[in-house]
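The lines below spell out each chain.
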Amino acid sequence: MQRQRMLLIFTAIAVLITVVVLGFSGWLNILSFKKNHVDSLVAGYAVAGGETRREIEYALRYGKPVTNFYGMQELLGKTAAYAPGLENIRLALPDGRVLYGMQAEDIGLRLPPGVIAKLDFQQERAARDYAYVLQEKDYHLLLPVRDRQENWIAVLDMSFAAADVDAEAERQMGPIIRSMLLIAAAAAFCLGSLLWLVPLWAADGSFRRRRILFLFIAVLGAAQLSYAAASTGAFKTAYLAIAQKNTLLSATIIQQDVDRVIGMGVPYQRLRGVDEWLQRIVRSVPELETIYLSDAQGRLLHGTAAAAPSGEAAFQYSMPLRADRSGVEAQLHVVLSKAYVEDKVNNILLDALTVSLISFFFMVEVVLFVLRLLKLKLEDSETENGGAADTNMIRSLAFLFFLATDMSISFIPMQMKNLLQPLWGLSKQTLVALPISAEMLCASLTAISTGFIIDKRGWRFPFFVGAAILFVGVLLSGLAKSGEAFILARALVGIGFGFAWMAMRGYVAASPAAAGRAKGFAQMNAGIYAGNICACAFGALLAERLGYSGVFFVALGVVALTAAFALWLVKDPDKEAPSAAPSPAAATQVARHWRTFFGDAGVIGVMLFVTVPSALCLTGFLNYFFPIYSNQMGLSPANIGRAFMLYGICIVYLGPVMGKIIARSNNIARLILVGSCVGVSALLLFSWQGAMAAAIAAVALFGIADSIGFIAQNTFLLTLPATKAFGEGKALGFFSMTKKLGQMLGPVVFAWSAGLGQAAGIGWIGVAYFGAVLVFLWLSRRKAGEETGC
């Protein structure tokens, strides 16, 4: 009876996870499709607005003032006629005050705050000189207007309804959604059936957790791949239809302008500047490959190519032009870029595979948690509450905690930019960075004090204090209406994070056995990076639907869930006797412990010659150098993010394996040496090759190095007699501070190394890192020799 009840539970979980995983994939595809649709539509409207802007700037160059522009209403009306989907067109000053508009009541008012925040066109004119933003129920396309000195003096605001975009996206995505629902139903049925057909209990009555996990991975992995394959062809058809429709808008504008000039009596052979004009349009509309004019015999008259291109009919669009005064008839031809469309389709496929991976992380964590709970119910509670076994729960706790804290990690600077205002005389770049700096500073300062608290009161008190402060900080982050309030909110988040994060480390350190600590740190590290990967994806997707502030309120719920999880499901590893009151001689003994700890060769070796250089190199390369280098090499932000995921995958799935190896090892210093040498090889590989492939390989190598180093360094420190005498909580606090020092130095050192040459500078950092590791090896051997009396 109990087994049937468990099978019912597994079946319900299987159906729920299937719906969540494939629903998440479908949601991402809809969002991606809609974004591409908006990008395409905006580019088409930008052609219409660009012609209006060109006429305004032409008049400004001849002395016509923008604040007293006769005929502006007629000009805006002509733009609306070009693009009938537009709801409103306004011309405003850089501060957002509306000068002219199709609706008289808009004049003198200001653009919406979210639109004003997007107004930043001080830089030089670019090929695609426009921006757009979603504000409440409308998209706003913003085109800067510049005077004869190329100074930005006004902005053309063209708005269209978001509801129309949503309706078109839903209509085009209908077949893809139906495929998703069909695959989800088949996967749920298949997984549910296998759970009943495949033997899940061993001979001793325990259930086979690995077999259950394998069933989930196999069925849902196949479902994700099937959905990705089915959606690719449907998406290509839908996107091509959208691109053709939006390209028709550009073609119509070009047709009307050419017909107007030809109607003035200018023959096609005497048109001047047409090639440059068409080239400018092609640069501003990414879907377009070529625009050209041909006569009745198909001969090229004007265009962006030296000859009329040939290609698939699905990627070409032709429109008739009026005959000139000589009777020459012509046609306008617009050729879509097949490579661009296929690149968009490939990006959607990559997004689908990426979200499959993210869903996989989420699925594994949920299944492991459920299996853990079921095991607690089946096995004797006293056995489950003993020592090292309880550290398994830290993985789920770390996953939930970092899911809550990292949900906003990708847009903190953008939210600060939205709230930006002059403050303390600081530059804009400095102000945008202040929330993150305040959060990191407060988190690092809190680490030491938390270590002392853990030694006195255990891990629970600082954890729940930290969770409460974190809750308030996240709440204030969502409510913040000014830059000062947002900086204060993120500082509170940093304090709460520091308390709770160190408390979780203290929980693992409290395990009485070294094997339990190594396993616990590996499990915690896996939960941290699984939570981080899922949080970044969820946060970015939620931000598109709910706005930045809305994500903070969703994170509040996860913070509350994390606290509830720790309160009811995470048991203390052991029950230590309360500390006796300090004797009069205790102060002398404490001082001796401090001197012993900071004078210990092992402590100095691991902190200064392993932790600092490893954190410096990892942060300097991964967080500072790699994004800049990848951007210079043309890698998209999404692909840069996927490279970061590669690092996380190594931590999540290699870390637990390394934890078991470290737990059985009698020479942890040797494993620290191995992990450090892998990190050194990452830097030397890039220095030797200096290519994009080498940079991505270095990211993976750093993931391998950190999966070994993080666990080995913690375990090595906690096994030292000086650490036990000093206090493990305090030792972890100083260890964290040392790591933060390396993280702060990383970007500075890598920026300085650029003066030696990009590849050479990183190579010299790798050599210095290796030298520091050799010093650690010497100190650890000296330490071992002292202990053995050799």
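Structural data are supplied above this passage.
Every value quoted in this text rests on a predicted model; they were computed, and no experiment measured them.

What is the right way to look at the packing of aromatic side chains in this model?
Describing an aromatic ring pair means giving the distance of the ring centres and the angle of the ring planes. In this structure the tally under the stated criterion is 13 aromatic pairs. Through a chain of ring-to-ring contacts, the aromatic side chains of Tyr45, Tyr132, Tyr139 and Phe160 assemble into a single cluster. Above the ring of Trp501, the side-chain terminus of Arg505 is found at 5.1 Å from the ring centroid.

Quick question: what am I supposed to make of unusual backbone geometry here?
Note: most residues except glycine have negative phi, and most peptide bonds are trans. The phi dihedral of Glu150 falls on the positive side, at around 65°, and the residue is not glycine. Position of Glu150 relative to the elements: it lies in the loop between strand E4 (138-146) and strand E5 (152-161). Glu150 sits in the partly exposed class, given a relative accessible area of 35%.

I'm lost on a positive patch on the surface in this one. Help?
A cluster of like positive charges, contributed by Arg209, Arg210, Lys519, Lys660 and Arg664, occupies part of the molecular surface. Among the elements of the structure, helix H5 (209-263) and helix H17 (637-664) are those that each provide at least two residues to the positive patch. Here Arg664 lies in helix H17.

Looking at this model, I keep getting lost on helix H13 (residues 483-509). Mind explaining?
Relative to the 39 Å expected for 27 residues at 1.5 Å per residue, H13 spans 39 Å between its end C-alpha atoms, a close match to the ideal helical length. Most of H13 is tucked away: 22 of the 27 residues are buried.

Please explain the sheet that holds strand E1 (residues 88-92) as it appears in this structure.
Adjacent strands of a sheet pair through backbone hydrogen bonds, lying either parallel or antiparallel. Sheet architecture is open: five strands sit in the order E2-E1-E5-E4-E3, paired in antiparallel fashion. One side of each edge strand has no neighbouring strand; the edge strands of this open sheet are strand E2 (98-101) and strand E3 (131-135). Taken pair by pair, the neighbouring strands of this sheet meet at an average axis angle of 25°, ignoring direction. Relative to E2, E1 is paired through three bridges, and the arrangement is antiparallel. Of the residues in E2, the one forming a bridge with Leu91 is Tyr100.

So what exactly am I meant to see when it comes to a nonpolar patch on the surface here?
On the surface, Phe471, Val472, Leu476, Leu479 and Phe553 cluster together into a nonpolar patch covering about 390 Å² of accessible area. Top element by residues in the nonpolar patch is helix H12 (residues 460-479). It accounts for four residues. Mapped onto the fold, Phe553 is located in helix H14 (residues 514-569). In this structure Phe553 comes out as partly exposed when scored by relative accessible area, which is 37%.

Before we go on, may I ask you to explain the environment of Val66 in this structure?
Within the fold, Val66 resides in the loop between helix H1 (2-61) and helix H2 (72-82). Separated by 81 residues in the primary sequence, Val66 and Asp147 place their C-alpha atoms 9.3 Å from one another. If sequence neighbours within four positions are ignored, Val66 has contacts with Leu60, Leu91, Leu99, Tyr100, Ile153 and Ala154.

Quick question: what am I supposed to make of the pairing of E1 here?
In summary, the side chains of a regular strand alternate between the two faces of the sheet. Across the five residues of E1, five count as buried, placing the element largely inside the fold. Covered by surrounding structure in E1 are Asn88, Arg90 and Ala92 together with Ile89 and Leu91, the residues of both alternating faces. In this sheet, E5 lies alongside E1 in antiparallel orientation, the contact comprising five bridges. Looking across to E5, one finds that Leu91 is bridged to Leu156.

The rules behind each value
- Residues numbered from 1 in each chain as written.
- Predicted model: local features only at pLDDT ≥ 70, side-chain atom pairs only at ≥ 80, totals over all residues.
- Heavy atoms only, no water.
- Phe/Tyr/Trp six-rings, centres within 6.5 Å; stacked < 30°, edge-to-face > 60°.
- Lys NZ or Arg CZ within 6 Å of the ring centre and 35° of its normal.
- Helix = DSSP H or I, 4+ residues; strand = E, 2+ residues; numbered from the N terminus.
- Buried < 20%, exposed > 50% of the residue type's maximum accessible area, 1.4 Å probe, protein only.
- Patch = residues over 30% accessible without salt bridge, like charges linked within 9 Å, V, L, I, M, F, W, Y side chains within 5 Å.
- Areas by Shrake-Rupley, 256 points an atom, 1.4 Å probe, with all protein chains shown as cover.
- Salt bridge = Lys/Arg side-chain N within 4 Å of Asp/Glu carboxyl O.
- Lys, Arg positive; Asp, Glu negative; His and termini not counted.
- Charge placed at Lys NZ, Arg CZ, Asp CG, Glu CD.
- Expected span 1.5 Å × (residues − 1).
- Pairing = 2+ DSSP bridges.
- Axes fitted to C-alpha atoms, helices over the stretch in contact; angles between N-to-C directions.
- Contact = heavy atoms within 4.5 Å.

By themselves, these are just geometric observations and shouldn't be taken as functional.
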